[in-house]
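Architecture at a glance
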Amino acid sequence: MANAMQVLLTNSVQTREDARNLWNAVPAVMYRCNEPATYRMPGAASAYSWLHFLDRYVRTWLALQNLVEQCFLPMGREGVRVLDVGTGPGPSSFATHDFYAAMVQYAEACGSEVWRQQARLSCVESAGAMNHFRHHLAEILSERGSPKSVLDMCGHLPDLGAIHPARERRELNDRLRKTYEDSYDEYSGQWDSASLYTPEEANYIANTLHRYRLFTFSNFFTTPSILNHLRANLIDILTDAHPGSVLLVISYDYQNIYKKVAALAEDAGFSHQVEHLEVSSSDTAMDEAVYSKGARFYRHLKYIAGDLPVDNPHARKGDPDTKKEMKIKKKVKRHFEGVKRIESPISVIRAHRK
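How each quantity is defined
- Residues numbered from 1 in each chain as written.
- Predicted model: local features only at pLDDT ≥ 70, side-chain atom pairs only at ≥ 80, totals over all residues.
- Heavy atoms only, no water.
- Helix = DSSP H or I, 4+ residues; strand = E, 2+ residues; numbered from the N terminus.
- Expected span 1.5 Å × (residues − 1).
- Buried < 20%, exposed > 50% of the residue type's maximum accessible area, 1.4 Å probe, protein only.
- Arc of directions from axis to C-beta.
- Contact = heavy atoms within 4.5 Å.
- Pairing = 2+ DSSP bridges.
- Axes fitted to C-alpha atoms, helices over the stretch in contact; angles between N-to-C directions.

Looking at helix α9 (residues 255–267)
With 13 residues, α9 extends 18 Å between its outermost C-alpha atoms, agreeing within 8% with the 18 Å of an ideal straight helix rising 1.5 Å per residue. Of the residues making up α9, those classed as buried are Ile 257, Tyr 258, Val 261, Ala 262, Leu 264 and Ala 265. All buried residues of α9 lie within an arc of 160 degrees about the axis, which places them on one face of the element. Along α9, exposed side chains directed more than 90 degrees from the buried face belong to Asn 256, Lys 259, Glu 266 and Asp 267. Residues of α9 that are buried make contact with α8 (224–240), β6 (246–251), β7 (271–279) and β8 (347–353).

What follows is the structure in structure tokens.
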């Protein structure tokens, strides 16, 4: 994963303009991640991936590992379908895909079919640049030998609020039952119409739509307004989930918001099983590898740009936003130049099972 990310980031920065655009997006992706305008900035998807992707990938892996240790990871007879909400460039979705792929490899090694659990991912992301970046990363990974299921990350659902599982299944079932195929009978000289699907086939196909066993929310509900806007839709999705489904929340410590998420999950039939478990890449041997890859791309960025200025000559003097941007750029430079490392972030894990 780290090598594929390095290839994609390097390919995304080939000119001085590319490098400057990415560098100018750094303050926004560090401290304005909640604002949609951030991801309309040139170079923002690459900047975000450079600074966050690998570390968040590791944290998601650690979260899933903890679910296994607590006998809490969802498994299914035909594998696990996952709905990853607020996917971005895909750190949580790729980590989830790879974690289940490792379980398949374990099943082959130990001869136990119980662990043969392939994951099929559905990603929810509205930012076009993020979807574009994730699409290309999935293609690189596929070319390098990852399971073909990694290409699920090429697709996306643009809006969680547009997902209505029960209603969509009813509508699909109805459409399939009304789908006819015309054929010409040479003996009678007439055209005949026949249903393309039997009622049983239509029902089976429709009931595979939006049947998720694992829901992941990684730093998605970060403001009360987002939760309030999607409250009814979230209730619909969680209520529709089958027994055995798991809601996994990976976030910073937004306690008040996630108390409300927990209440919604409880009302939908989920129980709170894992509460306030902290994970960080600094707890693993991967922390140094994550830093090393980030520093390597930083050197590439400097090589292409010629310089990475912290000031903005076009900004107003004394502007507080400009001062903050300069401070952030200085912090990132000192981090990757080994002057003063930024501490690895900590994610709080919460999980609910139905």
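Let's pick the thread back up.
Here we look at the sheet that holds strand β1 (residues 80–85)
On the basis of which strands lie adjacent, the open sheet formed by six strands has the order β2-β1-β5-β6-β8-β7 and mixed pairing. Looking at the sheet topology across the chains shown, the edges are occupied by β2 (119–124) and β7. Neighbour to neighbour, the strand axes of the sheet diverge by 15 degrees on average, direction disregarded. Where β7 and β8 come together, six bridges link them in antiparallel fashion. Within β8, the position partnered with Glu 278 by the bridge is Val 348. Helix α4 (residues 91–110) contacts β1, β2, β5 (214–218) and β6 of the sheet and is inclined by roughly 175 degrees relative to β2.

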